[in-house]
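# Per-entry structural report
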Amino acid sequence: MEITVFAKERKNASGKTFWGYLTRIMNKKTGELETLGVRFRQSCGQPDPDKCPCNIVIEKGDANISENTYTREDTGETATSKSLWVNKWKEGSKYVDHSMDDYF
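Below you will find a few notes about this structure. (Residues numbered from 1 in each chain as written. Predicted model: local features only at pLDDT ≥ 70, side-chain atom pairs only at ≥ 80, totals over all residues. Heavy atoms only, no water.)

### Thoughts on the pattern of salt bridges
Formally: By salt bridge we mean one thing: a side-chain nitrogen of Lys or Arg within 4 Å of a carboxyl oxygen of Asp or Glu. To qualify as a helix, a DSSP run of H or I must reach at least 4 residues; to qualify as a strand, a run of E must reach at least 2; elements of each kind are numbered from the N terminus. Only protein chains enter the accessibility calculation, which uses a 1.4 Å probe; a residue is then buried when its area is under 20% of its type maximum, exposed when over 50%, and partly exposed in between.
Tallied over the full model, the rule gives three salt bridges. Ionic pairing is found between Glu67 and Lys82, a salt bridge with its closest N-O pair at 3.7 Å. A residue pair is termed long-range when its members are at least 10 positions apart, and Glu67 in strand 5 (residues 63–71) and Lys82 in strand 6 (residues 78–86) qualify at 15 residues. By relative accessible area, Glu67 is classed as exposed at 56%. Since its relative accessible area comes to 25%, Lys82 is described here as partly exposed.

Here it is in structure tokens:
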């Protein structure tokens, strides 16, 4: 499967910056497009954030999805975040931005 990966610079609680990766994939059961954090195993490396957004190819057996339930500190509500854990990937086709196609 080929997915588009976006990179975002983030800060942890102690103020250290790091790159976080995000993607959107379709849930086949619900038909909903979901946003997931992407985590790359150290052994496979991660895309260059300066080249993101980019497309990567992942085989079904080389990734899995985990869910984390947590309580939001600001509202006290319970929320769920999902992460796509990638064990192996390769570069995909060139990324082309189609977000403005409906407007021009």
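### A short note on the nonpolar core
We count it as follows: As used here, the term nonpolar core means buried Ala, Val, Leu, Ile, Met, Phe, Trp, Tyr and Cys residues forming a set that is joined through side-chain atoms within 4.5 Å.
Counting residues in hydrophobic clusters, the biggest one holds 14 residues, and the most contacted among them are Ile3, Tyr21, Phe40, Ile56, Ile58, Leu84 and Val86. At the level of elements, strand 1 (2–11), strand 2 (17–26), strand 3 (33–40), strand 4 (54–57) and strand 6 are the ones that each hand at least two residues to this core.

### Comments concerning the packing of aromatic side chains
What counts is decided by this rule: The aromatic pairing rule takes the rings of Phe, Tyr and Trp, using the six-membered ring of Trp, and pairs them if the centres are within 6.5 Å, calling planes under 30 degrees apart stacked, those over 60 edge-to-face and the rest tilted.
Inspection of the entire model under this criterion finds three aromatic pairs. Measuring from centroid to centroid gives 6.2 Å for Phe6 and Tyr95, while their planes differ by 80 degrees, and the two rings are edge-to-face. Of this pair, Phe6 sits in strand 1 while Tyr95 is found in the segment after strand 7 (90–91), placing the two residues 89 residues apart along the sequence.

### Some points on the pairing of strand 5
Our working rule: Here, strands pair whenever DSSP counts at least two bridges between them.
In this sheet, strand 6 lies alongside strand 5 in antiparallel orientation, the contact comprising nine bridges. In the strand pairing of strand 6, Asn68 is matched with Ser81. Connecting the antiparallel pair strand 5 and strand 6 is a turn made up of six residues, with Gly76 showing a positive phi of about 80 degrees.

### As for the sheet that holds strand 6
Strand order in the open sheet formed by seven strands is 5-6-3-2-1-4-7, with mixed pairing between adjacent strands. Only two strands of the sheet have a single neighbouring strand rather than two, namely strand 5 and strand 7. Judged from the six bridges that link them, strand 1 and strand 2 form a sheet pairing that is antiparallel. Bridge assignment links Phe6 to a residue of strand 2, and that residue is Leu22.

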